[in-house]
Amino acid sequence: MYSMTGYGKGQYREDGLELTVEVKSVNNRYLDCAVKSPRVFLAQEELIRSMVRGRISRGHVDVFVSLRDTRQKEKSLYLDLNLANAYIKAAAELKGSFPSIENDLTVNSVLRLPDVLKQEEGAGADETLTLALKSALSSALEAHTEMRRAEGERLKRDLLSRMETISALRNEIAQRAPSVAEEYRTKLTERIGEYLNGKIDETRILTEAALFADKSNIDEELTRLSSHIEEFYRICESDAVGRKLDFLVQEFNRECNTICSKSNDGKITACALEMKNEIEKVREQIQNLE
């Protein structure tokens, strides 16, 4: 079981390369990955997202990449001949308009003109940079996963504790439910006896009691609750559980609402309302799970 919230950091330092990758995630319904990296890694953004998808299935993930490259590399220059020619023509035109001005253009002076001579930037990350990125990102994702696992275990303990409370409330309701119809029949008999001075139509009372018992019967709801509780424990042994538990909690709420509407008993209603409160707390915690 993993939390969707986590942070991890990975570094690569070797042969003049200092590369740092940080991975941060928060809750989100689906997987959403945002990458912020130097321009040199533009072509590697899909590689970064692919590695993230391999470790994370849900949440908003931010990946930050920083680079300091002090390697000794061969430099290459780019000479913009068209721009140089434009400068020279402009100088000749200016000389023609103002003959008294000396045209002192030389090769060196032309090379110093803006953008005539530029250092070529690499097209992208070389193999060494790409391997460094993979190494640092793997370390960051591993640290991120460990943090999410630790937080997930804490959430799991809380969820299982609340499920024990829900199970105890369900059992309390199950113990109380069989006596509800009998108590109703007893009260009905007493009331009719008071109004009719002891003249009681036993058949009518049994009919009314049977109708009440049928309307207030919650055996099916209790059976489904037991099934949901078992399924909850089973799902909690998996890794990616958020969506499954979110759906299951909706079923818990449905059964609990039905019990409240059918019970016609104060004690059962009180237990069901307390159960709804615990279910809501479980639902809130599940929103943090992957």
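Residues numbered from 1 in each chain as written. Predicted model: local features only at pLDDT ≥ 70, side-chain atom pairs only at ≥ 80, totals over all residues. Heavy atoms only, no water.

### Comments concerning the overall build of the protein
- Secondary structure summary: the protein contains eight helices and six strands in total.
- In the protein, buried positions account for 34% of the 290 residues.
- Element-wise, carbon and sulfur atoms account for 49% of the exposed surface of the protein, whose accessible area totals about 17500 Å². (Helix = DSSP H or I, 4+ residues; strand = E, 2+ residues; numbered from the N terminus. Buried < 20%, exposed > 50% of the residue type's maximum accessible area, 1.4 Å probe, protein only. Areas by Shrake-Rupley, 256 points an atom, 1.4 Å probe, with all protein chains shown as cover.)

### With respect to the packing of aromatic side chains
- Going through the model one piece at a time under the given rule, you end up with one aromatic pair.
- A ring pair is formed by Phe-232 and Phe-252, whose centres lie 6.4 Å apart and whose planes are at 85 degrees; its orientation type is edge-to-face. Highlighted residues: Phe-232 in helix 6 (residues 219-235) and Phe-252 in helix 7 (residues 242-262), separated in sequence by 20 residues. With respect to burial, Phe-232 and Phe-252 carry one shared label: buried. (Phe/Tyr/Trp six-rings, centres within 6.5 Å; stacked < 30°, edge-to-face > 60°.)

### What to know about the packing of helix 6 against helix 7
- It is the contact of helix 6 with helix 7, at a shortest axis distance of 10 Å, that shows an interaxial angle of 160 degrees. Between helix 6 and helix 7, the angle is such that the two are roughly antiparallel. Along this stretch, helix 6 crosses helix 7, giving a crossing that reads as left-handed. Listed contacts from helix 7 to Glu-221, Leu-222, Arg-224, Leu-225, His-228, Ile-229, Glu-231, Phe-232 and Ile-235 of helix 6 are Lys-244, Leu-245, Leu-248, Glu-251, Phe-252, Glu-255, Thr-258, Ile-259 and Lys-262.
- Classifying every residue of the contact of helix 6 with helix 7 gives nine nonpolar, two polar and seven charged. (Axes fitted to C-alpha atoms, helices over the stretch in contact; angles between N-to-C directions. Parallel < 35°, antiparallel > 145°, perpendicular 65-115°, else oblique. Left-handed = near helix turned anticlockwise from the far one by under 90°. Contact = heavy atoms within 4.5 Å. Nonpolar A, V, L, I, M, F, W, Y, C, P; charged D, E, K, R; others polar.)

### Points about the pattern of salt bridges
- For the structure shown, the criterion picks out 17 salt bridges.
- Of the charged contacts in the structure, one is a salt bridge between Arg-162 and Glu-278, with a shortest N-O distance of 3.2 Å. Here the residue Arg-162 occupies a position in helix 4 (residues 127-195), and Glu-278 occupies one in helix 8 (residues 266-286), the gap between them amounting to 116 residues.
- Judged by its relative accessible area of 21%, Arg-162 is partly exposed.
- For Arg-254, the salt bridge identified is with Glu-251, shortest N-O distance 2.5 Å. One end of the pair is Arg-254 and the other is Glu-251, both in helix 7 and three residues apart, which spans about a single turn.
- Residue classification places Arg-254 among the partly exposed residues on the basis of a relative accessible area of 44%. (Salt bridge = Lys/Arg side-chain N within 4 Å of Asp/Glu carboxyl O.)

### Regarding the sheet that holds strand 3 (residues 31-36)
- On the basis of which strands lie adjacent, the open sheet formed by four strands has the order 1-2-4-3 and mixed pairing. Strands at the two margins of the open sheet, each flanked by one partner only, are strand 1 (6-14) and strand 3. Within this sheet the neighbouring strands show an average axis-to-axis angle of 15 degrees, counted without direction.
- Across six bridges, strand 3 lies against strand 4 (residues 59-69) in parallel orientation. The partner of Asp-32 across the bridge, within strand 4, is His-60.
- The strands touched by helix 1 (residues 45-55) are strand 3 and strand 4; relative to strand 3, the strand with the most contacts, the crossing angle is about 140 degrees. (Pairing = 2+ DSSP bridges.)

### Considering the pairing of strand 4
- Looking at chain direction, strand 2 (residues 17-26) and strand 4 are connected through ten bridges and run antiparallel. Within the sheet, the bridge partner assigned to Val-23 lies in strand 4 and is Val-63.
- Between strand 3 and its parallel partner strand 4, the chain crosses via helix 1, and the hand of that crossover is left-handed. (Right-handed = clockwise from strand over helix to strand, strands pointing away.)

### Here we look at the side chain of Asp-80
- Along the chain, the position of Asp-80 falls in the loop between strand 5 (77-79) and helix 2 (81-97).
- Its relative accessible area of 18% is what places Asp-80 among the buried residues.
- Within the structure, Asp-80 has its side chain in polar contact with the backbone nitrogen of Leu-83 (distance 3.1 Å).
- With near-sequence residues (within four places) excluded, Asp-80 lies in contact with Asp-115 and Val-116. (Polar contact = N/O pair within 3.5 Å; in protein donor to acceptor, adjacent residues only side chain to side chain.)

### Quick look at the packing of helix 7 against helix 8
- As a packed pair, helix 7 and helix 8 sit with axes 10 Å apart at the nearest point and diverge in direction by 165 degrees. On the basis of their axis angle, the class for helix 7 and helix 8 is roughly antiparallel. Between helix 7 and helix 8 lies a crossing whose hand is left-handed. Of helix 8, the residues touching helix 7 (which contributes Gly-242, Leu-245, Asp-246, Val-249, Phe-252, Asn-253, Cys-256, Asn-257, Ile-259 and Cys-260) are Ile-268, Thr-269, Ala-272, Leu-273, Met-275, Lys-276, Ile-279, Val-282, Arg-283 and Ile-286.
- Residue classes in the contact of helix 7 with helix 8 are distributed as 13 nonpolar, four polar and three charged.

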